Amino acid sequence: MIQAWVDALLTPEGLASLGTGKDPGETSLEEVRQWRLKRQGLSRVFVHHRDDPQTCLVMERQGLRWRVVRMVVNP
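Residues numbered from 1 in each chain as written. Predicted model: local features only at pLDDT ≥ 70, side-chain atom pairs only at ≥ 80, totals over all residues. Heavy atoms only, no water.

It is worth spelling out the sheet that holds strand β1 (residues 35-39) at this point. On the basis of which strands lie adjacent, the open sheet formed by four strands has the order β1-β2-β3-β4 and antiparallel pairing. The open sheet is flanked by β1 and β4 (65-72), the only strands paired with a single partner. On average, adjacent strands in this sheet sit at an angle of 30° to one another, irrespective of strand direction. Summarising the sheet, strand β2 (residues 44-49) and strand β3 (residues 52-62) pair through six bridges and their orientation is antiparallel. Bridge pairing links Phe46 to Val58 in β3. (Pairing = 2+ DSSP bridges. Helix = DSSP H or I, 4+ residues; strand = E, 2+ residues; numbered from the N terminus. Axes fitted to C-alpha atoms, helices over the stretch in contact; angles between N-to-C directions.)

One can find Gln34 in the loop between α2 (12-17) and β1. Through-space distance from the C-alpha of Gln34 to that of His49 is 5.8 Å; in sequence the pair is 15 residues apart. Ignoring sequence-local partners within four residues, the contact set of Gln34 consists of His48, His49 and Arg50. (Contact = heavy atoms within 4.5 Å.)

Now for the pairing of β4. One ladder, built from seven bridges, connects β3 with β4; its direction is antiparallel. The residue of β4 that forms the bridge with Met59 is Val68. Connecting β3 to the next strand, β4, in antiparallel fashion are two residues, including Gly63 with a positive phi near 70°.

The biggest cluster of nonpolar side chains holds five residues, and these are Trp35, Val45, Val47, Leu57 and Met59. Of all the secondary-structure elements, those providing two or more residues to this core are β2 and β3. In this view, Val45 contacts Leu37, Lys38, Arg39, Leu57, Val58, Met59 and Trp66; residues no more than four positions away in its chain are not counted. (Core = buried A, V, L, I, M, F, W, Y, C linked by side-chain atoms within 4.5 Å. Buried < 20%, exposed > 50% of the residue type's maximum accessible area, 1.4 Å probe, protein only.)

Before going further, it helps to examine the pattern of salt bridges. Applying the stated criterion to the full structure yields two salt bridges. Here Arg44 ties to Glu60 by a salt bridge, and the two come within 2.3 Å at their closest N and O atoms. Here the residue Arg44 occupies a position in strand β2, and Glu60 occupies one in strand β3, the gap between them amounting to 16 residues. Accessibility expressed as a relative area gives 22% for Glu60, which makes it partly exposed. One salt bridge connects Arg50 with Asp51, and the closest N-O pair in it is separated by 3.5 Å. A relative accessible area of 46% places Arg50 in the partly exposed class. Residue class for Asp51 comes out exposed when judged on its relative accessible area of 56%. (Salt bridge = Lys/Arg side-chain N within 4 Å of Asp/Glu carboxyl O.)

Shown next as structure tokens:
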């Protein structure tokens, strides 16, 4: 069940819905423009919706690439 939920969020529509409280199919891709980046040092960033900084993706630099290492969902 968790894997299906993660798979639904890891689509463009799912990522656009992150932090909005809406289902992935209900959110337009324009919602991505409401995202913000918060840096923590040189190798870690938090990507969150403007209205919900508690729900975020945590990305870390690994070599020359950035990878999502954690997804924090506000209950």
